[in-house]
Amino acid sequence: MKHKIHFTKMHGAGNDYIYVDTSSYSIKDPSEASRKWSDRHKGIGSDGLVLIGSSQLSEADFTMRIFNADGSEAMMCGNASRCIGKYVYERGLTKKEVIRLLTLSGIKILYLDVRGDKVERVKVDMGEPSLDDERQFKPGAEGLPKGTFVSMGNPHYVIFTDNADDVEALGKALEHHPAFPERANIEFAQVRADGIRVRVWERGSGITMACGTGACAVAVAAGITRRAEGKIHIIMDGGALDIEWDPSDNHVYMSGGAEFVFDGEIEEDEP
């Protein structure tokens, strides 16, 4: 028996995902669905699948589960969280302009910039960066290019370079480097007069147009290495994000837009 699932495709800075409201539709195997639907030739085409749910906790308004294009489940995605803020407000699921979103890396606070009935931008409190996680990173690993490890609830390795296009040759190999037993997202960052140019290899998805947690990791790494400070303009393939690491609370704040692409229906087996 087949049933139809309504989905919405959205993107934040070109980081595109398929969104499903699980209060209306259930997905039997989201990992398999993400693999199949994300295929850009035989499926809908995306960087992965995002499930929006109602929270059973009083501390949160909504939940997010996110699956990469290879079916692996991710801890967090900054671009997806902004899209969820726009989705739940503009689709009438809430009238709150401050939303608490439960993710696998904790509760993230979304601040919606609402003009009329539209969400123009979303600012996300991404929480505190973790700079010393030996479970995911072993300093001095043989063959690992010099870089900075930053966890934003998921692992990132930031390499400052004169050529951000190095992601093509090195991203996949570094994702699976023995130094990262849980794999890592790899950022190649080039400091320029107009901001920091970043290209990203996301674990489980490969090269993507943008990565919100990756942009945050780059800003933190730039601060640590004294390459930049204050509000940092991060320029990615799909667009730009503004990141600020606030020393008063040690939280990282990410601001940017989110866009609807299209809605559709897909048939799946009954769960």
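Residues numbered from 1 in each chain as written. Predicted model: local features only at pLDDT ≥ 70, side-chain atom pairs only at ≥ 80, totals over all residues. Heavy atoms only, no water.

**What about the packing of aromatic side chains?**
Note the following rule: Aromatic rings from Phe, Tyr and Trp, with only the six-membered ring used for Trp, were paired whenever their centres fell within 6.5 Å, and each pair was classed as stacked if the ring planes differed by under 30 degrees, edge-to-face if by over 60, and tilted otherwise. A run of H or I in DSSP counts as a helix once it spans at least four residues, and a run of E counts as a strand once it spans at least two, with each numbered from the N terminus. For the exposure calls, accessible area comes from a 1.4 Å probe over protein chains only, and a residue counts as buried if that area is under 20% of its type's maximum, exposed if over 50%, partly exposed in between. For a lysine, the NZ atom is tested; for an arginine, the CZ atom; a charge sits over a ring if that atom is within 6 Å of the ring centre and within 35 degrees of the ring normal.
Using the criterion set out here, one finds two aromatic pairs in the structure. A centroid spacing of 6.1 Å and a plane angle of 80° characterise the contact between Phe7 and Phe262, whose relative ring orientation is edge-to-face. Residue Phe7 is found in strand β1 (residues 2-12), and its partner Phe262 is found in strand β17 (residues 259-269); the two are separated by 255 residues along the sequence. Relative to Phe180, the ring of Tyr157 lies with its centre 5.4 Å away and its plane at 55°, an arrangement referred to as tilted. Pair noted here: Tyr157 is in strand β10 (residues 155-160) and Phe180 is in the loop between α3 (167-175) and β11 (185-192), with a separation of 23 residues, a long-range link. Residue class for Tyr157 comes out buried when judged on its relative accessible area of 3%. Residue classification places Phe180 among the buried positions, given a relative accessible area of 2%. Positioned over the ring face of Tyr253 is Lys123, at 5.0 Å from the centre of the ring.

**Some thoughts on the environment of Asp237**
Topologically, Asp237 is positioned in the loop between β14 (231-236) and β15 (239-246). Exposure remark for Asp237: the relative accessible area of 29% places this residue in the partly exposed category. Sequence-wise, Asp237 and Thr8 are 229 residues apart; in three dimensions their C-alpha atoms are separated by 22 Å.

**Remarks on the pairing of strand β16 (residues 251-256)**
Applicable threshold: Each pair of strands is called paired provided DSSP finds at least two bridges between the two strands.
With five of six residues buried, β16 lies mostly within the body of the structure. In terms of strand pairing, strand β8 (residues 118-125) meets β16 through four bridges, oriented antiparallel. The partner of Val124 across the bridge, within β16, is Met254. Relative to β16, β15 runs antiparallel, the two being bridged by five bridges. Directly across from Ile243, in β16, lies its bridge partner Met254.

**With respect to α3**
Side chains three or four residues apart in an α-helix point the same way, a direct result of the helix having 3.6 residues per turn. Quick note on the threshold: Our arc is simply the arc of the directions from the helix axis toward the C-beta atoms.
Within α3, the full set of buried residues consists of Val167, Gly171, Leu174 and Glu175. Each buried residue of α3 lies within a common arc of 95° when the element is viewed along its axis, so the set occupies one face. Turned more than 90 degrees away from the buried face of α3, the exposed residues are Ala169, Lys172 and Ala173.

**Examining helix α4 (residues 212-224)**
What counts is decided by this rule: Expected helix span is computed as 1.5 Å times (number of residues minus one).
Its 13 residues place the ends of α4 19 Å apart at the C-alpha level, agreeing with the 18 Å of an ideal helix rising 1.5 Å per residue. The buried count for α4 comes to eleven of 13 residues, which makes it a mostly enclosed element. Turning to α4, its buried residues number three or more, namely Gly212, Thr213, Gly214, Ala215, Cys216, Ala217, Val218, Ala219, Val220, Ala221 and Ala222.

**Overview of the confidence of the model for the protein chain**
Convention followed: Known as pLDDT, the predictor's confidence for each residue is given on a scale from 0 to 100. A contact between two residues is defined here by any heavy atoms of the two lying within 4.5 Å.
When pLDDT is averaged along the protein chain, the result is 92, and 96% of the positions lie at 70 or above. Per-element confidence in the protein chain is highest for strand β6 (residues 98-103), whose mean pLDDT is 98, and lowest for α3, whose mean pLDDT is 88. Predicted confidence is poor over residues 133-139, with pLDDT under 50, and the contacts of this stretch with residues over four places away or in other chains come to 15 contacts.

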